Amino acid sequence: MTAYPIELTTRDGEQIRFDCAEDQNLIDAAAAVDIILPSQCKQGGCGACHAHATAGDYLLGEHSPDALPKDGGHGSLLMCRTYPRSALSIAAPFDHNRVLFQAIPRREAEIAELAAIGENTVRLVLQLLPDADDSRAAQFEPGQFMELELPGGDLKRAYSLANNGNWEGRLEFLIRLQPNGRFSTFLKEQAKTGDKLMVRGPQGAFGLEETGLRPRWFVAGGTGLAPMLSMLRRMAEWQEPHEARLFFGVNREEELFALDELEELKAALPQLRVEICVWKPGDAWQGYAGTPVDALRRDLAEAKTTPDIYLCGPPALIDFAETAARELGVGEEQIFSERFLPS
Amino acid sequence: MFCYQCEQTQRSANGDGCSSAKGNCGKDAVTSDLQDLLVHAAKGIAQYAARARALGAPDNEAGGFVLYALFTTLTNVNFNATRFVTLLQQAAQVRDRVKARYEEAARAQGLTPETLTGAADWQPAADMDGLLMQATEVGIKAGLEQVGEDIVGLRSLILYGLKGVCAYAHHAHVLGGESDAVYAGVESALDFLATNPADMNALLERAMALGQLNLQVMEMLDGANTGTFGAPEPSAVRVTPVKGKAILVSGHDLKDLVNLLEQTKDTGINIYTHGEMLPAHGYPKLKAYPHLAGNYGGAWQDQQTEFADFPGAILMTSNCIIEPRPQYRQRIFTAGPVGWPGVRHIADGNFAPVIEAAKALPGFKEDVAEKTITVGFGHDAVLGVADKVIDAVKAGAIRHFFLIGGCDGAAPGRNYYTEFAEKAPQDSVILTLGCNKYRFNQHDFGDIGGIPRLLDIGQCNDSYSAIKIATALAGAFECGVNDLPLSLIVSWFEQKAAAVLLTLLSLGIRNIRLGPTLPAFLTPALVQALVDQFGLQPITDAQSDIDAALMRQAA
């Protein structure tokens, strides 16, 4: 089988080289030589490994159209579904420090808390068990995710972390229960405090950009709030001075969750403004009626300084928000996103 | 960005200097540009501060801010653009305060205050994009077309030397070491640079004055260190780990170290030094802490692998940080002038988060067989046995002294220093300081009549000790330093080394061997001037340079 040289250039200009056979995708080929590139579902469904080919030929395998930006431009690809047909040059949208040059840690954890927090949404808190070095430490960057694996190993799902790295070993997730979803069914019908499962991570390149005091605006749809909570909690913990706004949207009021946490955040981060957006509210709703993209568009039109914009939620929300941001003058390098797809 | 302040600067046929999206040190263009702007802002503060001081209204608080601000712009110190935006806003506030102080002092004396322009008149833009636009006007090569490369190179030599001076002065400052003369000297140098000087002789004269200023600073720092922690004494340092929870402390800041030692007393956590913190083990008041367990690892450029392998928390107290790898990004902390985006910074000396991390991390699981090296040969220790040393020289047992000191780095060619130390003849003594010593400090050099052949003087911050030892020996032999059987083999990496080099030159010390390369900001004409005036020479190969040094002595 022919193998081709792959040259991947990270956003900060570092180069990573590895070989990839015709029948191998880029993520697997890199992993075979202990280069762990940011990715998530590895099935062409989530968009976490989106990148651009700048030179060379490739075959883009089957994937969800929602996993690629609508206007991603020429060469837009998913590395988990890219099979080379020549030497390839890839421009990656993440920095070198988000590439792991060792196997992704796999740890045992137990359920410490599982509670319904909104219509079809649960908070899952896991407690890491001591690892081989007798450490419980949960070390991750805000915005990253963990892959959760049920005993038996045949059921895995990736969820963003909602809390911050900590030395007690606590991992917090906000999970939308999908009708008939296997993991959702497990959570709804079987899971209980003390149950063991495996976590693999941290993974992912979505996270806070540290390029100065530019305002940070966060747009979250549904449980896309989880990584935003993590980033805002980091900002609060470190008392970062950036002006911050959160646009958090759901379809109906009943779907709202984590409102107490948002109030706590506002108290800890006085410069944070939160806009709760309900697309189809009931008559009693007194907040913003519309999508978070509508609210984003409204505020961007009046912004004196273009902010960095962080997006997390369903693909349609990401696409609409990106379009709105570009139309209102936000540079491509100031827009960061992570797509959530049902699983 | 354009930056050529350190030894690892990008070299190319089209000109030397890091000018792409990211420098070789890892500093991105935004941070680099903001650092240029902070230097500009510091000039503005100094313009008013110098005038206020001349009128008897000094502002040493502003002086302290300038020291700190310039320290953050050294290579491998602060990479956090956010911090620089904040510092720029603070700089404008400090400048406005000093300006008001100057104008009040002038009016009080019946004078009309000067209306200053340029840096003194700078107003920070309201947002990031505006700041970056402002930075384009004040980079290191501003005015190049008018004055040429030689003048820009000399301005750079002064600026970079001044950054080193400020770093050393800041180290003294945190231990309570302060001097009106030092603040005045820093303000004067920045005020001079703010005029965009273009007179070659005036620039050279200023460079030598800066060398003398640095000598004062080094003396002040020596006094602050020894006054606080006692005079270093020869001490064995364990370089293998012991079982237990652990914190690794890197950088140069002894105050951060002692604070951490105090805060970890009786916790069972062992403290290890890394890099330039190694000489801490020679200070009586630091080595008295039983949990200052030893030294781990080598010089700064190895930190990415060594920190990844260290099973505890890591504290970086000053230069030289390089990009933290994901494996230890959550458990490395910065303090003082250091910063890295996404790395937790401890600004108040309360290291509780570091201690909490260390407790949660595994620490060393086993003892490793004990191995030690010896440090602590500061000027008191060496001059305490001066009679013995002088007798050994007179008896011919010691033929030559080699001072092999300065910074280490990752560039090819630095094995020269290893070879030099190992090939130095058996009847020579090697003095060393700075992190360059990690290239040879675990080698067994033996002794000459009980005098160790390798004498570790300390950090680069302890360069004053080397100067004091050299001048004391010259006094004992009733000759000049240049007449001693002493050769200086200096490795440079960044701006502290530039300051020390200026000091050595200003003392008239000749024939220094400098490497592994010459600074990119020194043009061929400037190098020639230094060769002509001071006999400064680039390193060649170790054996040839040893032979040349011994031959010159014989001649």
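Given the structure is predicted, the values throughout are model-derived calculations rather than measurements.

Conventions adopted
Residues numbered from 1 in each chain as written. Chains lettered and ligands numbered in written order. Predicted model: local features only at pLDDT ≥ 70, side-chain atom pairs only at ≥ 80, totals over all residues. Heavy atoms only, no water. Helix = DSSP H or I, 4+ residues; strand = E, 2+ residues; numbered from the N terminus. Buried < 20%, exposed > 50% of the residue type's maximum accessible area, 1.4 Å probe, protein only. Contact = heavy atoms within 4.5 Å. Areas by Shrake-Rupley, 256 points an atom, 1.4 Å probe, with all protein chains shown as cover. Lys, Arg positive; Asp, Glu negative; His and termini not counted. Charge placed at Lys NZ, Arg CZ, Asp CG, Glu CD. UniProt positions renumbered as here; feature names shortened; annotations may be inferred. 1 Å grid on protein atoms, 1.4 Å probe; cavity = no way out; pocket = protein on both sides within 12 Å on 5 of 7 lines; lining within 4 Å. Points joined across faces, edges and corners; volume = space filled by probe spheres on them. Nonpolar A, V, L, I, M, F, W, Y, C, P; charged D, E, K, R; others polar. Pairing = 2+ DSSP bridges. Axes fitted to C-alpha atoms, helices over the stretch in contact; angles between N-to-C directions. pLDDT = per-residue confidence, 0-100. Buried area = accessible area lost by both parts, 1.4 Å probe. Salt bridge = Lys/Arg side-chain N within 4 Å of Asp/Glu carboxyl O. Polar contact = N/O pair within 3.5 Å; in protein donor to acceptor, adjacent residues only side chain to side chain. Parallel < 35°, antiparallel > 145°, perpendicular 65-115°, else oblique. Phe/Tyr/Trp six-rings, centres within 6.5 Å; stacked < 30°, edge-to-face > 60°. Lys NZ or Arg CZ within 6 Å of the ring centre and 35° of its normal. Expected span 1.5 Å × (residues − 1).

Looking only at helices and strands, chain B features 19 helices and 16 strands. For the C-alpha atoms alone, the extent of chain B along its principal axes is close to 70 × 60 × 50 Å. Counting every position in chain B, which comprises 555 residues, the buried fraction comes to 63%. Sequence separation of 24 or more characterises 74% of the internal contacts of chain B that already satisfy a separation of 6 or more. For chain B, the exposed area adds up to about 19500 Å²; of that, 50% sits on carbon and sulfur atoms. Charge centroids of chain B, computed over 43 positive and 59 negative side chains, lie 3 Å from each other.

Mapped onto this numbering, the UniProt entry annotates "domain: FAD-binding FR-type" (unreviewed entry) at residues 104–209 of chain A. Helix makes up 8% of residues 104–209 of chain A and strand makes up 43%, while its end C-alpha atoms are separated by 23 Å.

Residues and elements named next belong to chain B. A complete count under the given rule lists 12 cavities of 30 Å³ or more for this structure. Taken as a whole, the largest cavity spans an internal volume of roughly 270 Å³. Taken together, 25 residues line the largest cavity, and the ones lying closest to its centre are L403, L433, S463, V500 and L504. Taken together, the elements giving at least two residues each to the lining of the largest cavity come down to β9 (400–406), β10 (428–433), α16 (463–476), β14 (486–491) and α17 (495–506). Within the lining of the largest cavity, the residues separate by chemical class into 19 nonpolar, 4 polar and 2 charged.

This part covers the sheet that holds strand β15 (residues 513–515) of chain B. Residues and elements named next belong to chain B. Reading across from one edge, β13-β10-β9-β14-β15-β16 is the order of the 6 strands in this open sheet, with parallel pairing throughout. Either end of the sheet is taken by a strand with one partner, and the two such strands are β13 (454–458) and β16 (537–538). Bridging between β10 and β13 involves 4 bridges; their strand directions are parallel. When the bridges of β13 are listed, T432 appears paired with D456. Helix α15 (residues 415–423) rests against β9, β10, β14 and β15 of the sheet, and its axis sits at about 155 degrees to β14.

All names here are of chain A. Within the open sheet, the 5 strands sit side by side as β2-β1-β7-β3-β5. Their pairing is mixed. Strands with a single pairing partner mark the edges of an open sheet, and in this sheet they are β2 (15–21) and β5 (76–78). Neighbour to neighbour, the strand axes of the sheet diverge by 35 degrees on average, direction disregarded. Sheet topology places strand β3 (residues 50–55) next to strand β7 (residues 88–91); 3 bridges connect them, and they run antiparallel. The residue bridging A53 from the neighbouring strand is I90, located in β7.

Now for the UniProt feature "modified residue: Cysteine persulfide" (unreviewed entry) in chain B. All names here are of chain B. As annotated in UniProt, the feature "modified residue: Cysteine persulfide" (unreviewed entry) corresponds to C407 in the numbering used here. Considering the arrangement of structural elements, one finds C407 in the loop between β9 and α15. Overall, C407 belongs to the buried group, its relative accessible area being 10%. Contacts of C407, omitting those with residues within four sequence positions, involve R414, C435, N436, S491, W492, F493, E494 and A497.

Bringing the confidence of the model for chain B into the picture now. Across chain B, the average pLDDT comes to 95, with 99% of residues at or above 70. Scored as a whole, the predicted complex attains pTM 0.90, and scored at its interfaces, ipTM 0.85.

Turning next to the interface of chain B and chain A. Each side of the interface is counted separately: chain B has 29 residues, and chain A has 28 residues. Together chain B and chain A conceal approximately 2500 Å² of surface at their shared face, both sides included; 50% is due to carbon and sulfur atoms. For the chain B face of the interface with chain A, the top three residues by lost area are T82, Q330 and R344 of chain B, together amounting to 23%. In this structure, the connection of chain B to chain A is made through 5 salt bridges. Seen at the junction of chain B and chain A, the total is 10 residue pairs in polar contact (both at pLDDT 80 or more). Elements supplying a minimum of two residues to the side of chain B that touches chain A: α3 (81–108), α4 (128–135) and α12 (352–360) of chain B. The leading source of residues in the side of chain B that touches chain A is α3 of chain B, at 5 residues. Here the side of chain B that touches chain A is composed, by residue class, of 13 nonpolar, 6 polar and 10 charged.

Moving on, we come to the pairing of strand β18 (residues 308–313) of chain A. Residue and element names in this part refer to chain A. Along β18, 6 of the 6 residues are buried, which leaves the element largely enclosed by surrounding structure. Of the two faces of β18, both are covered, the one formed by D308, Y310 and C312 as well as the one formed by I309, L311 and G313. Strand direction decides the pairing type here: strand β14 (residues 216–221) and β18, joined by 5 bridges, are parallel. Within the sheet, the bridge partner assigned to A220 lies in β18 and is C312. Looking at chain direction, β18 and strand β19 (residues 335–339) are connected through 5 bridges and run parallel. Each bridged residue has a counterpart across the sheet, and for I309 the counterpart in β19 is I335.

We now examine the packing of helix α8 (residues 200–229) of chain B against α16 of chain B. Residues and elements named next belong to chain B. Relative orientation of the contacting elements α8 and α16 amounts to 105 degrees, with a least axis distance of 8 Å. Here α16 runs roughly perpendicular to α8, going by the angle between their axes. Between α8 and α16, the residues in contact are L215, M218, E219 and D222 and S463, Y464, S465 and I467, respectively. Partitioned by chemical class, the residues of the contact of α8 with α16 number 4 nonpolar, 2 polar and 2 charged.

Looking now at the packing of aromatic side chains. The tally for this structure, following the rule as stated, stands at 26 aromatic pairs over all chains. Summarising the aromatic geometry, the rings of F79 of chain B and W340 of chain B are spaced 4.2 Å apart at their centres and angled 40 degrees between planes, so their arrangement reads as tilted. In this pair, F79 of chain B is assigned in the loop between α2 (60–72) and α3 and W340 of chain B in the loop between β6 (332–335) and β7 (344–346), connecting sequence segments 261 residues apart. By relative accessible area, which is 4% here, F79 of chain B ends up buried. Look at W340 of chain B and you get buried, because its relative accessible area is 5%. Three or more aromatic residues joined by ring pairs make a cluster, and in this case those are F2, Y4, Y160, W492 and F521 of chain B. A cation over an aromatic ring shows up here: K280 of chain A above the ring of W279 of chain A, its NZ or CZ 4.3 Å from the ring centre.

Bringing helix α6 (residues 149–174) of chain B into the picture now. Residues and elements named next belong to chain B. Between the first and last C-alpha of α6 there are 37 Å, a value that for 26 residues agrees with the 38 Å anticipated at 1.5 Å per step. Most of α6 sits out of view: 22 of its 26 residues are buried. Looking at the residues trailing α6, positive phi occurs at G176, about 90 degrees.

In this section: α12 of chain B. Of all the positions in α12 of chain B, only P353, V354, I355, A357, A358 and A360 of chain B are classed as buried. Buried positions along α12 of chain B lie against β2 (246–250), α9 (254–263), β5 (313–316), β6 and β7 of chain B.

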